[in-house]
Number of protein chains: 2
Amino acid sequence: MEEVDHLAHERSKAQFDGDAMKVVWAGSKHALDVADRMARLVASDPVFRKDNRPMLARKELFKNTLRKAAHAWKRINELHLTEEEASMLRVFVDEPSYVDLHWGMFVPAIKGQGTDEQQKKWLPLAYKMQIIGCYAQTELGHGSNVQGLETTATFDPKTDEFIIHSPTLTSSKWWPGGLGKVSTHAVVYARLITEGKDYGVHGFIVQLRSLDDHSPLPGITIGDIGTKFGNGAYNTMDNGVLQFDHVCIPRNQMLMRVSQVTREGKYIVSDVPRQLVYGTMVYVRQTIVSDASKALSRAVCIAVRYSAVRRQFGSQDGGPETQVIDYKTQQSRLFPLLASAYAFRFVGEWLKWLYADVTQRLQANDFSTLPEAHACTAGLKSLTTSATADGIEECRKLCGGHGYLCSSGLPELFAVYVPACTYEGDNVVLLLQVARFLMKTVSQLGSGKQPVGTTAYMGRAQHLMQYKCDVCGAEDWLKPSVILEAFEARAVRLAVNCAQNISKAPSPEEGFSELSADLVEAAVAHCQLIVVSKFIEKVQQDIPGRGVKEQLQILCNIYALSVLHKHLGDFLVTGCITPRQGSLANDQLRSLYSQIRPNAVALVDAFNYTDHYLGSVLGCYDGNVYPKLEEEAWKDPLNDSVVPDGYHEYVRPVLKQKFRVSRL
Amino acid sequence: MEEVDHLAHERSKAQFDGDAMKVVWAGSKHALDVADRMARLVASDPVFRKDNRPMLARKELFKNTLRKAAHAWKRINELHLTEEEASMLRVFVDEPSYVDLHWGMFVPAIKGQGTDEQQKKWLPLAYKMQIIGCYAQTELGHGSNVQGLETTATFDPKTDEFIIHSPTLTSSKWWPGGLGKVSTHAVVYARLITEGKDYGVHGFIVQLRSLDDHSPLPGITIGDIGTKFGNGAYNTMDNGVLQFDHVCIPRNQMLMRVSQVTREGKYIVSDVPRQLVYGTMVYVRQTIVSDASKALSRAVCIAVRYSAVRRQFGSQDGGPETQVIDYKTQQSRLFPLLASAYAFRFVGEWLKWLYADVTQRLQANDFSTLPEAHACTAGLKSLTTSATADGIEECRKLCGGHGYLCSSGLPELFAVYVPACTYEGDNVVLLLQVARFLMKTVSQLGSGKQPVGTTAYMGRAQHLMQYKCDVCGAEDWLKPSVILEAFEARAVRLAVNCAQNISKAPSPEEGFSELSADLVEAAVAHCQLIVVSKFIEKVQQDIPGRGVKEQLQILCNIYALSVLHKHLGDFLVTGCITPRQGSLANDQLRSLYSQIRPNAVALVDAFNYTDHYLGSVLGCYDGNVYPKLEEEAWKDPLNDSVVPDGYHEYVRPVLKQKFRVSRL
Ligand SMILES: Cc1cc2nc3c(=O)[nH]c(=O)nc-3n(C[C@H](O)[C@H](O)[C@H](O)COP(=O)(O)OP(=O)(O)OC[C@H]3O[C@@H](n4cnc5c(N)ncnc54)[C@H](O)[C@@H]3O)c2cc1C
Ligand SMILES: Cc1cc2nc3c(=O)[nH]c(=O)nc-3n(C[C@H](O)[C@H](O)[C@H](O)COP(=O)(O)OP(=O)(O)OC[C@H]3O[C@@H](n4cnc5c(N)ncnc54)[C@H](O)[C@@H]3O)c2cc1C
């Protein structure tokens, strides 16, 4: 294949220092270096090949995933990779597997909920992968409502054991990743029953399979729950079903950091505060937000590059046609997503800081910021995953027909990503939690208790309720303070309106439930404000590199004004801005699209993704799309023979009139 | 499995005559009867089994599709089915295949563009399926821009033949369904070149494969273009790639209804008006709108039933938990989609009438309504397919985690549906066409030329520009006239604003292109008005059956007010309604949700879909979801063995520390 950079002209147009932008995206020079090395390591290793994934049948696909996971572990060990490097390597292997749950849920659960002794016993085994663990919470009948789980763990003082049991069909564990075929152990959530009393849901370490021959232990039935959305995609994961028939585990396998059961069967709550558990949730959701920016940026990278290659219409006198990225409709769909990818990257970075801050405070027994941090991560998890799922599909559509081919990479990216809207908290359920927190904050406004962190702006509610936006010309919308106040006013007003309407209901609970659709909108407004404000803070920092800050400034404004345009109804119905100001924001947005246009390709190059990681013939670095599309097509199994299997039985008889019966 | 109707209680709550509603949905008693018989015929025939589709590898899947297509053809012949019955049967077989393109594109193309003589020759062969045809227009390099196609058809007066040729890689035909493996013939679009002159794109009937052994004819290279989005889904279709190396066809295989090439090579335009071609597009797009209501209603049926079965949270004193359909957030996401399914059904029905009307006029040489009909079908195709694609995915999310399993039916429904947003005109490109038509209409307003059909309201532009909505209380929003005027005013004002802004640009073309994102919004507003107005017209008809009209009235209002709420910014920025009126609409919407709630399950029962057609364990008629989910899970190939293939090579070595190397 010819070696030309079809996007060279696009790259030469960039008005900023691409290498400096790479550092900004990666977070630091060091992070960029690690990511770059790991990405290349994976891309150059044939075992990590991904392009055949959509064509493999489930069993082959799964076996291949086991192979990759083992190979990755082997390389991690051989190369003595650091923890940071190892986790980066796993990112670039880019294939969901039991390993994710082992490191991402099993280990953190033991760390967060296990006593020191338990950690000492189990963590070394887990770190060496002498045991492989999963996280078995959800059941067939209960996901969002964790308190409704039905699996029981009944303490038997005679044997000093818990009896784990699935009393109903709906109590079957259902969904845990890594459970179906691989895990030897699980943290199982079950209702703790002792001395005849139900103490609610607790975590237990349960061995599932024999370490000798991998067969399920007596009393345990396990299987895979079946094919999921998409080709390849999440079907590399063995999400499982698990039923217990009176399985006994030693008492000391209950995770006892916050509560214990004594030898006698007494239930005791320790003095370690329960809120600690929220710390783990803040951690996990923070990683989900940073994954959102990764997934969205991949899709955007593909769509931007292809939109610069693809030409359609507008040829003048036989010259080349217009690049579709030059159409304003294409820009108005694509550039807000490019801006969102950057916005989510920065809010994810900030969440990392927040998690560190919360952890530090927890260690100093300061729980004051925890509820706010918890609401904030829940809300941002919801906002960023929903926007990313929608954004990937929009990127697919932006590629026209070719985006529908698996070789574009976009179908698999979408199918593998969308469950992020559901796991770790259904996005609507999470927004309702945020809304509850906002209503509480509003109700305490008069009380002298100052709202903290991301809700601090609510302390200025009185001012914001009266505020009038003073935008007179389109360029006024470029001022960070103007944008920020408009978003703050909108968020406060939506929240206060909800609070007022709730207060008219017979009871706060009825009011909350009746108005919950509005409350979700108020929660979204609050979360969007957080993203906008963190982007603005980022841009106000000192950022080295020619033109880098300017580009980020433009992206920040595109993010804010495109959100404003999309939710214009909110801003107008609350009187935060006037119709005229809304139109001016739209005018400004158009001009921002023109400004970002020459930099678009360079801005996705800054993600520094290899062609392997992108996994897309439309998004390849050199833009040499058409020969690659063709080459991929011929690999399809249907092309193994010219005349298809089935022709003789099912096509020829049709053509040869074998099925025609004369009408009587 | 137990035989209980878990939804019986829901069904008993319905406040209308379900059988009468079935007739309304089907269109007539006769249509209901045909659909019912054909659906049962398919459901009871084991050959038409669908549940294993997501698990089959591409080749098996495809072979199975060939089998189903042949079997359907056999049954159609054996049972002497009418054309209406046969096409219904194909709907319920519910598997994309070459047959769709043969009947849906190849035959209509010959009918629309062939001379009487050509029709006499080719149609009987096609009707008996002695030849199988596809529609080969799109190329690797050109889809939307049909005028940019590169394939050439050069007339050679020496041989009286056209030489069909693919001069470049990008001129390869790419995407045509049925082409890859099955079709013996194609209508190929190519640039007609005669006497050294390029006359642009014309259609040609080209034989592709031998009728003896199915091998491609000399000079023809064909293959499948590879795996597409989703499990099963559209992978049953052999979308193909096709390259010509100087392939000769007789002159009389050019489709010559509107233009001809003579024996001498002269290009002649006949007196049959070119606009006739638009008639076919109106026809095809009309069927797409009616398919949209089918696809959306299936997803909604699944989500409504499952939401009534699924319970989560809110148990009081150990009683049953709340059905998730009772949460207002669930309602505010689900009921607008239920209303949309009905709305699209009725606008589809009206489009059928419009097509008949246009055809009649064309026969009488009346072309006056064609541009409006064309814009209207283009716009409605775009609006309904976009809303349906998004709606199916929303229904999937509404089912929580279980919606992500293929056994829910929703992933496949989505993946198979989404290309409708791209084929037969990319949805954004179509909206730009609508916008162009609207701008023309606005520009002619002063000229005395009265806008017709769906643009008639623009004739009242002056009134609508000044109109002030007089809603004072929430119940005012129930008046059809109030809703209609608000939507009309919004549509006119957005269009006129665009026209005014365009007029400020250096040239109309530059203005149009600069403002195209706004123009698309104006086009959407126009199309939503059409849907709302046709729904209102429908409800104003005489509709028999207890409570039927009342339910449709509620659905109509839900459709209109939910669209208004979603696009509130439009209504406010144009000053059509006040912020207070916007809030009142929202209050009314909440109350409408409560009114429709007890009828929701019966309203989806009215679609009269069999469990086979729905293909979803979550949406099954009896609501017996959990045992079915479990049963499906065990069928996955991964569950063939307890210990997975690959354990010995790739899992055991990890557990047994085979990859650990001591650090030096
Ligand atoms: C790919 C994938 C991987 C997973 N991995 C794991 C794993 O490793 N371990 C594990 O334990 N679990 C896992 N899960 C399960 C996951 O955590 C649950 O699916 C998730 O918590 C959502 O719960 P649900 O499925 O019960 O949804 P439901 O709660 O049943 O949601 C259904 C609908 O009801 C609505 N709803 C529910 N409650 C309310 C309410 N109070 N108010 C308003 N609306 C409401 C929701 O918004 C949704 O629209 C996984 C799931 C998926 C899809
Ligand atoms: C499943 C499937 C089945 C198909 N079956 C057939 C078939 O049987 N026969 C056949 O001939 N073809 C078929 N097609 C091809 C289909 O008709 C084309 O994909 C479709 O016309 C879109 O064209 P495109 O892919 O070139 O998109 P493009 O035109 O390349 O679109 C890419 C992007 O550019 C934008 N864009 C393009 N032009 C403009 C403009 N002027 N202004 C603003 N934006 C613009 C689009 O909005 C889109 O976002 C099929 C396609 C699919 C996906």
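Residues numbered from 1 in each chain as written. Chains lettered and ligands numbered in written order. Predicted model: local features only at pLDDT ≥ 70, side-chain atom pairs only at ≥ 80, totals over all residues. Heavy atoms only, no water.

Chain A is annotated in an unreviewed UniProt entry as Acyl-coenzyme A oxidase of Phoenix dactylifera. Its UniProt record gives chain A a comment under Cofactor (unreviewed entry), which states: "FAD". As recorded by UniProt, the Sequence similarities (unreviewed entry) comment attached to chain A reads in full: "Belongs to the acyl-CoA oxidase family." (UniProt positions renumbered as here; feature names shortened; annotations may be inferred.)

Asker: I'd love a proper account of the side chain of S516 of chain A, names of residues and values included.
Answerer: Position of S516 of chain A among the secondary structure elements: in helix 16 (residues 516-540). Residue S516 of chain A is classed as buried on the basis of its relative accessible area of 5%. Within polar-contact distance, the side chain of S516 of chain A engages the backbone oxygen of S513 of chain A at 3.0 Å. Non-local contacts of S516 of chain A, meaning those with residues more than four positions away in its chain, are made with L432 of chain A together with K328 and T329 of chain B. (Helix = DSSP H or I, 4+ residues; strand = E, 2+ residues; numbered from the N terminus. Buried < 20%, exposed > 50% of the residue type's maximum accessible area, 1.4 Å probe, protein only. Polar contact = N/O pair within 3.5 Å; in protein donor to acceptor, adjacent residues only side chain to side chain. Contact = heavy atoms within 4.5 Å.)

Asker: So what about the site of ligand 2? Which residues, and what values?
Answerer: The immediate surroundings of ligand 2 are formed by 31 residues, with R310 and G401 of chain A together with T138, S144 and D426 of chain B found nearest. Near ligand 2, residues from chains A and B are present, making the site a shared one. A distance of 2.8 Å is found between a nitrogen atom of ligand 2 and a side-chain nitrogen or oxygen belonging to T138 of chain B. Within the contact set of ligand 2, an oxygen atom lies 3.1 Å away from a backbone nitrogen or oxygen of G143 of chain B. If ligand 2 stood free it would expose 970 Å²; the protein chains cover 94% of that surface. Sorting the residues of the shell around ligand 2 by element identifies helix 9 (328-363) and helix 10 (370-398) of chain A together with helix 12 (427-443) of chain B as the ones contributing at least two each. Each residue belonging to the shell around ligand 2 can be placed in one class, and the counts come to 15 nonpolar, 12 polar and 4 charged. (Near = heavy atom within 4 Å. Areas by Shrake-Rupley, 256 points an atom, 1.4 Å probe, with all protein chains shown as cover. Nonpolar A, V, L, I, M, F, W, Y, C, P; charged D, E, K, R; others polar.)

Asker: Lay out the relation of the copies chain A and chain B with the relevant residues and their values.
Answerer: Least-squares fitting of chain A to chain B yields an RMSD of 0.0 Å, with the transformation described by 0.0 Å of translation along the axis and a rotation of 180°. Viewed as a symmetry operation, the transformation between the two copies matches a two-fold axis. It is G569 of chain A whose C-alpha, among those of chain A, lies nearest the rotation axis, at 1.8 Å. In this assembly, 100% of the residues forming the interface of chain A have copies in chain B that are likewise at the interface, indicating an isologous arrangement. (Least-squares fit on C-alpha atoms with pLDDT ≥ 70 in both.)

Asker: Summarise the domain arrangement of chain A; cite the residues concerned and give the values.
Answerer: Residue and element names in this part refer to chain A. Per the domain assignment, the segments of chain A are domain 1 (107-272) and domain 2 (277-453 + 480-605). Look at where the C-alpha atoms of domain 1 and domain 2 centre, and you get two points 36 Å apart. With 9 residues of domain 1 at the interface, the matching set in domain 2 holds 10 residues. With both chains or domains summed, domain 1 and domain 2 bury close to 850 Å², and 74% of this area falls on carbon and sulfur atoms. (Domains from an automatic or database assignment. Buried area = accessible area lost by both parts, 1.4 Å probe.)

Asker: So what's going on with the interface of chain A and chain B? Which residues, and what values?
Answerer: Contacts between the two partners involve 136 residues from chain A, matched on the other side by 136 residues from chain B. Roughly 11900 Å² is buried in total at the junction of chain A and chain B, and carbon and sulfur atoms are behind 63% of that figure. When the area that chain A buries against chain B is broken down by residue, the three leading residues are F229, Y404 and L638 of chain A, summing to 7%. Across the contact surface, chain A and chain B share 12 salt bridges. Of the residues forming the side of chain A that touches chain B, the biggest block, 11 residues, is contributed by helix 4 (residues 58-78) of chain A. Split by residue class, the side of chain A that touches chain B holds 63 nonpolar, 38 polar and 35 charged. (Salt bridge = Lys/Arg side-chain N within 4 Å of Asp/Glu carboxyl O.)

Asker: Lay out the site of ligand 1 in plain terms, naming residues and giving numbers.
Answerer: Close contacts around ligand 1 come from 31 residues, with T138, S144 and D426 of chain A together with R310 and Q330 of chain B the closest. In this structure, ligand 1 is bordered by residues of chains A and B. Within the backbone of G177 of chain A, a nitrogen or oxygen atom sits 3.1 Å from an oxygen atom of ligand 1. One nitrogen or oxygen atom from the main chain of G401 of chain B is found 2.8 Å from an oxygen atom belonging to ligand 1. Starting from 970 Å² of accessible surface for ligand 1 in isolation, the protein chains cover 93%. Every element with two or more residues in the shell around ligand 1 is listed here: helix 12 (427-443) of chain A together with helix 9 (328-363) and helix 10 (370-398) of chain B.

Asker: How would you explain the sheet that holds strand 4 (residues 173-174) of chain A if you had to name every residue and give the values?
Answerer: A sheet is described by the order of its strands in space; here 3 strands give the open sequence 4-8-7 (chain A), paired in antiparallel fashion. Lying at the two open borders of the sheet, with one neighbouring strand each, are strand 4 and strand 7 (220-224) of chain A. Sitting on the sheet, helix 22 (residues 625-634) of chain B is in contact with strand 4, strand 7 and strand 8 (240-244) of chain A, with an inclination near 75° to strand 7 of chain A. (Pairing = 2+ DSSP bridges. Axes fitted to C-alpha atoms, helices over the stretch in contact; angles between N-to-C directions.)

Asker: Tell me what's going on with the environment of G391 of chain B, and back it up with residues and numbers.
Answerer: Residue and element names in this part refer to chain B. Within the secondary structure layout, G391 lies in helix 10. On the accessibility criterion, G391 (2% relative accessible area) is buried. The sequence separation of G391 and R333 amounts to 58 residues, and the corresponding C-alpha distance is 9.1 Å. Contact partners of G391, with chain neighbours within four places excluded, come to L296 and L337.

Asker: I'd like a description of helix 10 of chain B, backed by residues and values.
Answerer: Residue and element names in this part refer to chain B. Compared with the 42 Å implied by 1.5 Å per residue over 29 residues, the 41 Å span of helix 10 between its first and last C-alpha is a close match. Of all 29 residues that make up helix 10, 24 are buried, and the element is covered over most of its length. Following helix 10 by one or two positions, G400 adopts a phi angle in the positive range, close to 60°. (Expected span 1.5 Å × (residues − 1).)

Asker: Describe the environment of T385 of chain B, naming the residues involved and giving the relevant values.
Answerer: Residues and elements named next belong to chain B. Along the chain, the position of T385 falls in helix 10. Considered as a pair, T385 and G403 are 18 residues apart in the sequence and their alpha carbons are 21 Å apart. If we skip the residues at most four places from it in the chain, T385 touches I288, Y417, A420, C421 and N427.

Asker: Break down the UniProt feature "domain: Acyl-CoA oxidase C-alpha1" (unreviewed entry) in chain A for me, with residues and values.
Answerer: The feature "domain: Acyl-CoA oxidase C-alpha1" (unreviewed entry), as given by UniProt, occupies residues 278-439 of chain A in the numbering adopted here. For residues 278-439 of chain A, helix accounts for 73% and strand for 0%, while the C-alpha atoms at its two ends are 20 Å apart.

Asker: Talk me through the packing of aromatic side chains; I want residue IDs and the actual numbers.
Answerer: Scanning the entire structure with this criterion turns up 50 aromatic pairs over all chains. Aromatic side chains F229 of chain A and F229 of chain B sit 6.0 Å apart centroid to centroid with 5° between the ring planes, which places their arrangement in the stacked category. Of the two residues, F229 of chain A is situated in the loop between strand 7 and strand 8 and F229 of chain B in the loop between strand 7 (220-224) and strand 8 (240-244); the pairing between them involves two chains. F229 of chain B shares its class with F229 of chain A; the two are buried. Relative to F535 of chain B, the ring of F346 of chain B lies with its centre 5.4 Å away and its plane at 65°, an arrangement referred to as edge-to-face. (Phe/Tyr/Trp six-rings, centres within 6.5 Å; stacked < 30°, edge-to-face > 60°.)

Asker: Mind laying out the pairing of strand 1 (residues 133-136) of chain B, listing which residues take part and the relevant values?
Answerer: Residue and element names in this part refer to chain B. Burial of strand 1 is two-sided: the residues G133 and Y135 facing one way and the residues C134 and A136 facing the other way are all buried. Taken together, the 4 bridges between strand 1 and strand 5 (residues 185-194) define a ladder with parallel strand orientation. Its bridge partner being in strand 5, G133 is matched across the sheet by H185.

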